Amino acid sequence: MKNIDSNTHVSGTSVYLDDVPVMNGTLFGAAFESPSAHGVIRELILDDALRIPGVVRVFTAADIPGQNEIGGIIKDEPLLADTHVHFCGMPVAFVVARTREAARAAVKKIRIRIDALPVITDPREAQAKGELIIPPRTFRQGDTDLAWPQCTHIFTGNADINGQEHLYIETQGAYVIPQEHNSLRIYSSTQGPTAVQRVVAAITGASMHQFEVIVTRLGGGFGGKEDQANTWAALCALAAWILKKPVKYALHRMEDMAMTGKRHPYAADFKIGLDKDLKILAYEVSFFQNAGASADLSPAVLARTLFHCTNAYYIPHVKATAWSCRTHLPPNTAFRGFGGPQGMFVIEAAIAKAARVLQVDAALIQKTNLIATGQTFPYGQIAASEAGTCWDKAETLYDVVEQQRKVQLFNTENKLLKKGIAFMPICFGISFTNTMMNNARSLVHVYSDGSVGISTGAVEMGQGVNTKILQVAAQTFSIPANKIKLNHTSTYTIANTSPSAASATADLNGKATLIACNAILDRLKQLAAEAFHVTPADITLENGHVLVNQQPSSWNWQQLVTTAFAQRINLSEHGHYATPEIHYDAVKEKGHPFAYHVYGTAILEATVDCLRGTYTIDTVKVVHDFGNSMNTDIDRGQIEGGIVQGIGWMTLEEVIYDREGKLRSNALSTYKVPDIYAVPKTIAIDALQTTRDNLAVFRSKAVGEPPLMYGIGAWFALHNAIRAFHPHADIPFITPMTPEKVLLALYSKTNTETNQQHAETV
Ligand code: LUZ
Ligand code: MOS
């Protein structure tokens, strides 16, 4: 089935925040952001701003009637700076004016005097100074201290992983309209309507039931709107609450880039030990997460880094510690993969380091250590599948031996162009790591004409969740798709939602919809059974027809519904789903946090121009574990998008803050994202359809985040291409691998460590 939004998308009639008609009398907001990363506010001068024609009011922290607090996991983040500023771009004041232009002009007229305090941008420095968001966490399996003496080879190293700008096409924004009885209707471009509702209640000092948060759809979220849509909604709500006028604020791209957090940069130290057969016996890793100025979602992101620190490998002895380090950058936040990709990069770097020094193919070490069914992850969950199925299929399906032969031939025949291949196996746990969040609700109405309306807590952000939910209802009721409509997301219809995140939205909301549809269907079957003098089990529906003992009856769906309505049978249901089987003990750091894991393997090939340092990522060939895909078109779209986004993170996208904590890569002229030319010429995706039971909706496994991590292989394909030119190149594990870094590595001095070891081996 086609994505139900495709026609409105291509005809420009899909409704995003900025397409909601603006009411007469609407005022427009703009935030004044801190020009310094750290300091004490001495003076805030608003006079010139207030003199701009059309300016209605400038709000500061003193105007907040409730709490000046937007923190979620930890209450450590003011909406508007009060006495101190903690990052460049931190909102200090909110101008409201009759036009957008007046609001922006007034922002430029605000003056602030700040006494500067020392600025920290580096997570290692923050950790050394004890600037931590939460105490460190450690995951342990086996005993690394006992394992080191048994290792034949031990390697140490470090990695520096940069962040990533979300670059959703639709920037952040909100539009708030006062309603009767002291309530507000809040249109928000958010992945988390309930988070917006909770924050607005805190800011106004009112209760959640006074705020209806409505989401039509998002022009992309990628995690950037899981928590950070709250600010704009809260600012507009504050102004609308006090002025009793509609207030709208949709951010300019450069405001959005400067004021919002990104994927977390991480620094890491690793130590890996292997036996003579290349089995990894022990792995120790320390992660230094650059959290930014306040907690936001960093503690949860940190947890997922630990959960994924061994990627798709089984390692008997593991000790992984992670520090969430407070720096003076915008609070970093959720981004597709949620800390997992950073954890996975480091183990891949450790394997690459071992391969480099031992002069073996990294793929050999990877393959030797893939996790098998029954083996245990460091957090205590037992693998229910094996990573090797995807790997083995990829090897044969894509004839890797032949590909490697061709690459070798190419490399002997070419002096200044070199190719590299890398395997990238993935393993990603599906569920919010915070067990409490794994629940969802769906409200299903069957109208008396037989048509169906569905509201859930899911936010459609281009990922196709509404199409999948519609498929659930269409299949359960056995009626055509055009009889079903997915409604916008609203906190008045569905309460206490988890954000649309963690790749779990279709599973959670799809299952809730399934439960609701089945409850209605049970009532309808009961009715039909009575009418035809059989039992409900004898009734089935097929293509809109009612079958009795598999034989056509005189009733169709329409008659069934009309009869039920006439007999006053409830044609609506509110379904609730909570993922079973999951649990986690955060003290022991053991449990069963994930409903299931998604596996896959990608083989990436890159070509480097060894004169210029430029490169292309030529092919990405994937075998991906779909379970039993409900919608292969949507799933393929997610995989292609994820791969390109992952390649962008690993190669082109360089977030640069200067030492004063100012974002230098603050526009698309200075922050390079993949364009059509950066997309690999070939992306081949093979759907591994597995029959094993799992907790996904219709056994169709989650597809949102996992494919991003195939992009990590691009870094290692480039790494291998560089080594084809300069076998002992000194290639630090720093991301992204921009052409500048490639050039530096191509002409780097010989790395003595690999050279010495090489000499010894020879
Ligand atoms: N959000 C969250 C997430 O709050 N918890 C998670 O575990 C998670 N995982 C992935 C993406 N977003
Ligand atoms: Mo996300 S990183 O699933 O909001």
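Every value quoted in this text rests on a predicted model; they were computed, and no experiment measured them. (Residues numbered from 1 in each chain as written. Chains lettered and ligands numbered in written order. Predicted model: local features only at pLDDT ≥ 70, side-chain atom pairs only at ≥ 80, totals over all residues.)

Student: Even after reading the chapter, I still don't get the overall build of the protein chain, so can you show me in this structure?
Tutor: The helix and strand inventory of the protein chain stands at 20 helices and 30 strands. Over its C-alpha trace the protein chain gives a radius of gyration of 27 Å, about what one expects of a compact globule, namely 27 Å for 762 residues. C-alpha atoms of the protein chain, sized along the principal axes, occupy 85 × 80 × 50 Å. The proportion of buried residues among the 762 residues of the protein chain is 55%. For the protein chain, restricting intrachain contacts to residue pairs at least 6 apart in sequence, the fraction spanning at least 24 positions comes to 80%. (Helix = DSSP H or I, 4+ residues; strand = E, 2+ residues; numbered from the N terminus. Rg over C-alpha atoms; globule rule 2.2 N^0.38 Å. Buried ≥ 20, exposed ≤ 12 C-beta atoms within 10 Å, placed from the backbone. Contact = placed C-beta atoms within 7 Å.)

Student: What exactly am I supposed to notice about unusual backbone geometry here?
Tutor: Trans peptide bonds make up most of the peptide bonds, and negative phi angles are found at most residues other than glycine. With an omega of -5 degrees, the peptide bond running from Thr735 to Pro736 counts as cis. Inspection of the secondary structure puts Pro736 in the loop between strand E30 (733-734) and helix H19 (739-746). A positive phi angle is found at Lys244, which is not glycine, with a value near 55 degrees. For Lys244, a count of 9 C-beta atoms within 10 Å corresponds to the exposed category.

Student: Whenever I open this one, the sheet that holds strand E8 (residues 153-161) confuses me. Can you help?
Tutor: Adjacent strands of a sheet pair through backbone hydrogen bonds, lying either parallel or antiparallel. Strand order in this open sheet of 6 strands is E7-E15-E14-E13-E8-E30, and the pairing throughout is mixed. Every interior strand has two partners, whereas the edge strands, strand E7 (132-141) and E30, have only one. Two elements, E8 and strand E13 (residues 266-274), share 9 bridges in a ladder whose sense is antiparallel. What sits directly across from His153, in E13, is Leu274. Those strands touched by helix H10 (residues 340-358) are E8, E13, strand E14 (280-292) and E30, and its axis lies near 135 degrees from that of E8. (Pairing = 2+ DSSP bridges. Axes fitted to C-alpha atoms, helices over the stretch in contact; angles between N-to-C directions.)

Student: It is not clear to me how the site of ligand 1 should be interpreted in this structure. Could you clarify?
Tutor: The local shell around ligand 1 consists of Gly223, Glu226, Leu297, Ala300, Arg304, Ala334, Phe338, Phe432, Thr433, Asn434, Ala501 and Ala502. Taken together, the residues of the shell around ligand 1 sort by class into 7 nonpolar, 3 polar and 2 charged. (Near = placed C-beta within 6 Å. Nonpolar A, V, L, I, M, F, W, Y, C, P; charged D, E, K, R; others polar.)

Student: How should I be thinking about the nonpolar core in this particular structure?
Tutor: Where a protein is soluble and globular, its nonpolar side chains tend to be buried together. One finds Val95, Ile186, Cys236, Ala237 and Leu718 to be the most contacted residues of the largest nonpolar core, which totals 243 residues. The dominant element in this core, judged by the number of residues it contributes, is H10, at 12 residues. Beyond its immediate sequence surroundings of up to four residues, Leu718 is in contact with Gly420, Ala606, Val608, Tyr615, Met737 and Val742. (Core = buried A, V, L, I, M, F, W, Y, C linked by C-beta atoms within 7 Å.)

Student: Would you mind showing me how to read H19 here?
Tutor: What sets the pattern is the α-helix's 3.6 residues per turn: residues three or four places apart point alike. Along H19, the residues that are buried comprise Val742, Ala745 and Leu746. Summarising the axial view, the buried residues of H19 lie within an arc of 100 degrees, below the 170-degree limit, and thus occupy one face. In this structure, the buried residues of H19 make contact with strand E27 (596-609), strand E28 (615-627) and helix H18 (712-725). (Arc of directions from axis to C-beta.)

Student: Would you explain the UniProt feature "domain: Aldehyde oxidase/xanthine dehydrogenase a/b hammerhead" (unreviewed entry) in the protein chain in this entry?
Tutor: Mapped onto this numbering, the UniProt entry gives "domain: Aldehyde oxidase/xanthine dehydrogenase a/b hammerhead" (unreviewed entry) at residues 11-118. Taken end to end, residues 11-118 comprises 13% helix and 31% strand; its first and last C-alpha atoms sit 51 Å apart. (UniProt positions renumbered as here; feature names shortened; annotations may be inferred.)

Student: Explanation requested: the domain arrangement of the protein chain in the structure shown.
Tutor: You'll often see interface size given as the accessible area lost when the parts meet. Along its sequence, the protein chain is organised into domain 1 (6-118 + 166-259), domain 2 (266-433 + 588-761) and domain 3 (439-578). Contact with domain 2, which involves 15 residues of that partner, is made by 16 residues of domain 3. (Domains from an automatic or database assignment.)

Student: Teacher, can you tell me more about the packing of H10 against H18 here?
Tutor: Two elements in contact, H10 and H18, have axes whose closest approach is 10 Å; the angle formed by their N-to-C orientations is 25 degrees. On the basis of their axis angle, the class for H10 and H18 is roughly parallel. Read as a crossing pair, H10 and H18 show a hand that is right-handed. Listed contacts from H18 to Pro341, Met344, Phe345, Glu348 and Ala352 of H10 are Ile712, Phe716 and His719. Residues that form the contact of H10 with H18 fall into these classes: 6 nonpolar, 1 polar and 1 charged. (Parallel < 35°, antiparallel > 145°, perpendicular 65-115°, else oblique. Left-handed = near helix turned anticlockwise from the far one by under 90°.)

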